[in-house]
Amino acid sequence: MNDRATPPSLENSAFFMPFSMNRHFKKAPRLLARAEGIHYFTPEGRKLIDGISGLWCVNAGHCREKIVRAVQKQVAELDFAPTFQMGHPLAFEFADKLASLAPADLKRIFFTNSGSESVDTALKLALAYHRARGEGHRVRLIGRERGYHGVNFGGTAVGGMVGNRKIFGALVAGVDHIRHTHDPEKNAFSRGQPKHGAELADDLERLCALHDPSTIAALIVEPVACSGGVLVPPVGYLERLRAICDRHGILLIFDEVITGWGRLGKTFGTQHFNVIPDLITTAKGITNGTVPMGAVFMREQLYQAFMTGPEKAIEMPHGYTYSSHPLACAAGLATMQVYEEEGLFTRAAELGSYWEEQAHALKGLPNVIDIRNIGLIAAIELAPRAGAPGARALDAHIKAFERGAYIRVAADIIALAPPLIIAKSDIDRLFDIVRDVLKTTD
Ligand SMILES: Cc1ncc(COP(=O)(O)O)c(C=O)c1O
């Protein structure tokens, strides 16, 4: 007998699901049991197009043979090896591979296991760097409203999504935020980068005037604020942030956990926007989502600032048991091979205008108040229902699941970012489902 025929109720399951409506979900679960290419399959075998690359991470599509094989081989050969005062060859090989792909001189790599860990690592590196060069008075960290930098204390503190912050106390001292870049009155239905708003970068000058720039260690922003609703930076905005940071000796951190690994049509968003930060945080697509991993890329000057003390002293008292885990390194090396062999770093640029057309063709559907896009990312913002923010998009999410697409929603924003291997015909299918859903969601 097929014991999958009558799935057990999950209502009393022990699993406390992250970022989820536990009780609502467990009453009517949406389960994914298998995946292949751009599709998920439910336990009943129903096929879903993956509209968000798992969780913005499976850039090369699911269960890619080369990556699966590399992990299988690795787990049988070296399951774990520490990299505190010890090492294993793959960690060095993978760091060197990443360095060869890095923009400018961001070629020194610190491994973590997630985006959240990459962010907290980058913030600590920034503070320690200033101290190492005699500017220990630079203690403040600046984030941006509506930014998302993961869920650890540092990332939550510099993050700017109210719902993720408000119940966790005072977080980290010495953090402030510049304002976000979203201006629907001027920029609604922008295609690619909005025209208005470069001057919003000057908000950093306001904080410099308030705190004195000599107290500020770093500014962290996502080149495109994805989890906060796909807020694309206005033309000239990132350049202006860079100039202000340079003027005041502030380190600029780009959180590229989503915009890295081909999502915008170049290896990194940094290259797409042609603005070079001092540190880049990555994760997700670094292993195609197969094994948890993250990495912080830093400029040579930062790395060298740590390499000045006695040779027998630990330069950076920071790291994770699983930093550069052998399985993650094996997955990452195979992932980079797949990305390169299949031209996936530039695929979003090739598909970009088709993707943009299909996304903006949804304009005029009921409740659609904005559509935004860049690379292979799109957001469709819906008007919230009176007194029930988020309810309309949640309905759309559930309907899409029923009709064959997995899409992500945050508040009343639908976010789409499919695997980079998607074909044009599948882009059509994805948007057909979204169109159908929007037409029937009141
Ligand atoms: C920009 C950014 N930073 C950090 C994170 C946190 O990554 P993780 O969930 O792997 O900790 C995310 C996750 O979506 C992200 O989008």
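The present account deals with the structure reproduced in this document. Please read all numbers here as calculations on a predicted model, not as lab measurements.

The rules we used
Residues numbered from 1 in each chain as written. Predicted model: local features only at pLDDT ≥ 70, side-chain atom pairs only at ≥ 80, totals over all residues. Heavy atoms only, no water. Helix = DSSP H or I, 4+ residues; strand = E, 2+ residues; numbered from the N terminus. Phe/Tyr/Trp six-rings, centres within 6.5 Å; stacked < 30°, edge-to-face > 60°. Buried < 20%, exposed > 50% of the residue type's maximum accessible area, 1.4 Å probe, protein only. Lys NZ or Arg CZ within 6 Å of the ring centre and 35° of its normal. Expected span 1.5 Å × (residues − 1). Polar contact = N/O pair within 3.5 Å; in protein donor to acceptor, adjacent residues only side chain to side chain. Pairing = 2+ DSSP bridges. Near = heavy atom within 4 Å. Areas by Shrake-Rupley, 256 points an atom, 1.4 Å probe, with all protein chains shown as cover. Nonpolar A, V, L, I, M, F, W, Y, C, P; charged D, E, K, R; others polar. Right-handed = clockwise from strand over helix to strand, strands pointing away. 1 Å grid on protein atoms, 1.4 Å probe; cavity = no way out; pocket = protein on both sides within 12 Å on 5 of 7 lines; lining within 4 Å. Points joined across faces, edges and corners; volume = space filled by probe spheres on them. Axes fitted to C-alpha atoms, helices over the stretch in contact; angles between N-to-C directions. Parallel < 35°, antiparallel > 145°, perpendicular 65-115°, else oblique. Left-handed = near helix turned anticlockwise from the far one by under 90°. Contact = heavy atoms within 4.5 Å.

This part covers unusual backbone geometry. At Cys63, a residue that is not glycine, the phi angle is positive and equals roughly 50°. Mapped onto the elements, Cys63 comes out in the loop between helix 2 (53–56) and helix 3 (65–77). Notably, Ala104 is not glycine yet its phi reads approximately 45°, a positive angle. Note that Ala104 resides in the loop between helix 4 (89–101) and strand 4 (108–112).

Enumeration according to the criterion identifies 10 aromatic pairs in this entry. Ring geometry for Phe80 versus Tyr322: centroids 5.8 Å apart, planes at 85°, classification edge-to-face. One end of the pair, Phe80, is in the loop between helix 3 and helix 4; the other, Tyr322, is in the loop between helix 12 (300–306) and helix 13 (326–341), and 242 residues separate them in sequence. Ring centres 5.0 Å apart and planes at 55° place the aromatic pair Trp261 and Phe268 in the tilted group. Trp261 sits in the buried class, given a relative accessible area of 0%. Connected via pairs of aromatic rings, a cluster forms that spans Trp261, Phe268, Phe297, Tyr339 and Phe345. The lysine or arginine in question, Arg34, covers the ring of Phe41, its NZ or CZ lying 4.1 Å from the ring centre. A cation over a ring is seen here: Lys363 above Phe189, with NZ or CZ 4.5 Å from the ring centre.

On to helix 5 (residues 115–132). The first and last C-alpha atoms of helix 5 sit 25 Å apart over 18 residues, in line with the 26 Å expected at 1.5 Å per residue. Among the 18 residues of helix 5, 13 are classified as buried, and the element is accordingly described as predominantly covered. Two or three places before Ser116, at the start of helix 5, stands the capping residue Ser114, its side-chain oxygen 3.5 Å from that residue's backbone nitrogen. Looking one or two residues beyond helix 5, the residue adopting positive phi is Gly134, at roughly 80°.

What follows deals with the pairing of strand 10 (residues 294–298). Each regular strand carries side chains that alternate between the two faces of the sheet. Along strand 10, five of the five residues are buried, which leaves the element largely enclosed by surrounding structure. Burial along strand 10 is two-sided: Gly294, Val296 and Met298 and Ala295 and Phe297, pointing in opposite directions, are all buried. Strand direction decides the pairing type here: strand 4 and strand 10, joined by five bridges, are antiparallel. Bridging across to strand 10, Ile109 finds its partner in Phe297. Across four bridges, strand 9 (residues 279–282) lies against strand 10 in antiparallel orientation. Bridge pairing in strand 10 places Thr282 opposite Ala295.

Taken together, Ser114, Gly115, Ser116, Tyr148, His149, Gly150, Glu222, Ser227, Asp255, Val257, Ile258 and Lys284 make up the full set of residues near the ligand. A distance of 2.6 Å separates an oxygen atom of the ligand from a polar side-chain atom of Ser116. Between the ligand and Lys284 there is a distance of 3.0 Å, counted from an oxygen atom to a side-chain nitrogen or oxygen. Relative to its free-state accessible area of 390 Å², the ligand is covered by the protein chains to the extent of 84%. Of the residues in the shell around the ligand, the class split is three nonpolar, six polar and three charged.

Turning to the pairing of strand 8 (residues 251–255), a few remarks are in order. When you tally the buried positions in strand 8, you get five out of five residues, the bulk of the element. Bridge count between strand 7 (residues 216–221) and strand 8: four bridges; the pairing is parallel. Among the inter-strand pairings, Ile220 is bridged to a residue of strand 8, identified as Ile253. Regarding topology, helix 10 (residues 237–248) serves as the crossover connection from strand 7 to the parallel strand 8, and that connection is right-handed. Where strand 8 meets strand 9, three bridges bridge the pair, whose relative direction is parallel. Bridge pairing links Ile253 to Leu279 in strand 9.

Let's shift gears to empty space enclosed by the protein. Summed over all chains, the structure comprises one cavity of 30 Å³ or more. In this structure, the largest cavity occupies an estimated 110 Å³ of space. Considering the residues around the largest cavity, the lining is formed by 14 residues, among which His182, Asn187, Pro194, Val232 and Arg372 are closest to the centre. Breaking the lining of the largest cavity down by element, the ones donating at least two residues are helix 8 (184–187) and strand 11 (368–374). For the lining of the largest cavity, the residue count by class is six nonpolar, five polar and three charged.

Turning our eyes to something else, we now look at the packing of helix 3 against helix 13. Orientation of helix 3 relative to helix 13, taken along the N-to-C sense of each, is 155°, at an axis distance of 8 Å. When the interaxial angle is binned, helix 3 and helix 13 end up roughly antiparallel. Between helix 3 and helix 13 the crossing geometry is right-handed. When helix 3 is examined against helix 13, the residues Lys66, Ile67, Ala70, Val71, Gln74 and Val75 are found in contact with a partner set consisting of Pro326, Leu327, Ala330, Ala331, Ala334, Thr335, Gln337, Val338 and Glu341. Considering only residue class, the contact of helix 3 with helix 13 consists of 10 nonpolar, three polar and two charged.

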